[in-house]
Amino acid sequence: MKVLFVSQSPINASVSVGNTFLNVFNDLEDVEFGSVYAKNGLPDARIKAAFRVNEKMIVKRLIGKTVGEPVYSRYTGERVLDGKATRFAKRKRWTIFFWVQNLIWRLPFWKSKELKNFLDDYNPDVIFTVLSDSVPLNRMIRFVQKYTNKPLALYAWDDNYSMQTSGASPLKKLNRLISRASMRKTVKKASQFYVISKIQKTEYEAWFQRECKILTKSEKFSSEPYFKENYGTPLHLVFTGNIGMNRWKSLGMIARALQCINSNGVKAQLYIYSGNIPTDEMLATLNVGDSSFFMGSVSAEQVADLQRSADILVHVEGLDKKSQKEVHQSFSTKLVDYFKMARPILAVGPKNVASIEHLRENSCALLAETEKELSDCLLSVINDYEKLHLLAKNAYECGKKNHDQTVMKKMLETDMRQLCKGNE
């Protein structure tokens, strides 16, 4: 079975969408992967065939350049450095930038003979992609599906459809209305629809009038977990992941709480690993004396080692209303890694978001929404290793119950093969 991923970013483990796609399909038998993507960077070694087309190529077509190219090199850890203009656009995220991007993709040049030749040669059995609010990506998805006439499976993991997450300005609301129309067109083309949480399943089924299945990142939970025999003095807290959407402010809350707890001797320390480039304000918030340290970016292999060595793994969501709306439906794939590591989890975030609710339902984390709750949580486990062990045990059991690779893979493989059979 040949699965073609269509995405903005290249499919590799260092990028969120790539990490998710490769994980959910990992260990499926007799499956081959292809990729069509729209940004710089290289695909994972598991991608047999890849094709890249981006805005720069489309614009250069005006002076006679070829649009799109097969990609033969594979990702080995290279970091993609954006140009100044791209970094500025990503930081500001002004609506006008999205409109310019949409206008560029309105040009027909990207539907090139090179892209068509790639699709003909690869000849996928199934197209698998994310449902996003990107109008250009949705346009590309629909083109690839129509040209190949192959079944389309969609996977959603963020609320990028409701008006609540559109932003406050009239231009952003108008942009969301445009995106919603594009998303509805894409959903109509889909033969299978996956979501990432119970909250998202309920809301998406109501919005799109389509049945959705819950699909999350999974791990093997068949072996006995490796629990820590001894906890450190001081306790070693580790956060790995995205500090955007005001997650850094929640991490700052932990740093301040630790600073108070450590006033009469260092009892616990927080180490923050993230690929995000922090501002001066973020660094001042995250680097707090002997209590909290921003460590920067590390490789995927190093992340696993850091999580394994931790006494407590940290999960955070932004506490402000805007951030709550952004992550209301989302489930952090990082949590599955945490469950697999069989470590206690400390989670700071609002009660009404999917990831925090999941932890609460399974009693597998210390949960805090205020500085008072956070201090109480930390103080309760500083010297209570039995409580830490119980949390670690519950975390592993949550992973085994909800994110077991055998169950997830069987569902996905059955669905994909039924799509192929139906298409035949």
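Above this text you will find the structure in question.
Since we're looking at a predicted model, the values are computed, not measured.

1. Examining the overall build of the protein chain
Turning to step 1, where the next piece is worked out: Looking only at helices and strands, the protein chain has 17 helices and 14 strands in total.
Turning to step 2, where the next piece is worked out: Whereas a compact globule of 424 residues would reach a radius of gyration of roughly 22 Å, the protein chain reaches 22 Å, a difference of no more than 12%.
Turning to step 3, where the next piece is worked out: Dimensions of the protein chain, computed from the C-alpha atoms along their principal axes, are close to 70 × 45 × 40 Å.
Turning to step 4, where the next piece is worked out: Long-range contacts, defined here as pairs at least 24 residues apart, represent 74% of the contacts in the protein chain between residues at least 6 apart.
Turning to step 5, where the next piece is worked out: About 20,100 Å² of surface is accessible on the protein chain, with carbon and sulfur atoms providing 52% of the total.

2. What about the packing of helix 6 (residues 135-148) against helix 7 (residues 170-189)?
Turning to step 1, where the next piece is worked out: Running from N to C, helix 6 and helix 7 point in directions that differ by 20°, and their axes come no closer than 9 Å. Viewed along their axes, helix 6 and helix 7 adopt a mutual orientation that is roughly parallel. You can see that helix 6 and helix 7 cross each other, and the crossing is left-handed. Each of Val-135, Asn-138, Ile-141, Arg-142 and Gln-145 in helix 6 lies in contact with helix 7, whose residues at this interface are Ile-178, Ser-179, Ser-182, Met-183, Lys-185, Thr-186 and Lys-189.
Turning to step 2, where the next piece is worked out: Among the residues making up the contact of helix 6 with helix 7, the classes are represented as 4 nonpolar, 5 polar and 3 charged.

3. Let's talk about a nonpolar patch on the surface
Turning to step 1, where the next piece is worked out: Residues Leu-171, Leu-174, Leu-177 and Ile-178 make up a contiguous nonpolar surface patch of roughly 350 Å² in combined accessible area.
Turning to step 2, where the next piece is worked out: Relative accessible area serves as the criterion here: at 47%, Leu-171 is assigned to the partly exposed category.

4. Things to note about the layout of surface pockets
Turning to step 1, where the next piece is worked out: Size it by volume and the second largest pocket reaches roughly 240 Å³.
Turning to step 2, where the next piece is worked out: Along its surface, the second largest pocket is lined by 14 residues, and Ile-196, Ser-197, Lys-198, Ile-214 and His-358 are the ones closest to its centre.
Turning to step 3, where the next piece is worked out: Put simply, the parts of the chain that give the lining of the second largest pocket at least two residues each are helix 8 (198-208) and helix 14 (354-361).
Turning to step 4, where the next piece is worked out: With 4 residues, the top contributor of residues to the lining of the second largest pocket is helix 14.

The rules behind these values
Residues numbered from 1 in each chain as written. Predicted model: local features only at pLDDT ≥ 70, side-chain atom pairs only at ≥ 80, totals over all residues. Heavy atoms only, no water. Helix = DSSP H or I, 4+ residues; strand = E, 2+ residues; numbered from the N terminus. Rg over C-alpha atoms; globule rule 2.2 N^0.38 Å. Contact = heavy atoms within 4.5 Å. Areas by Shrake-Rupley, 256 points an atom, 1.4 Å probe, with all protein chains shown as cover. Axes fitted to C-alpha atoms, helices over the stretch in contact; angles between N-to-C directions. Parallel < 35°, antiparallel > 145°, perpendicular 65-115°, else oblique. Left-handed = near helix turned anticlockwise from the far one by under 90°. Nonpolar A, V, L, I, M, F, W, Y, C, P; charged D, E, K, R; others polar. Patch = residues over 30% accessible without salt bridge, like charges linked within 9 Å, V, L, I, M, F, W, Y side chains within 5 Å. Salt bridge = Lys/Arg side-chain N within 4 Å of Asp/Glu carboxyl O. Buried < 20%, exposed > 50% of the residue type's maximum accessible area, 1.4 Å probe, protein only. 1 Å grid on protein atoms, 1.4 Å probe; cavity = no way out; pocket = protein on both sides within 12 Å on 5 of 7 lines; lining within 4 Å. Points joined across faces, edges and corners; volume = space filled by probe spheres on them.

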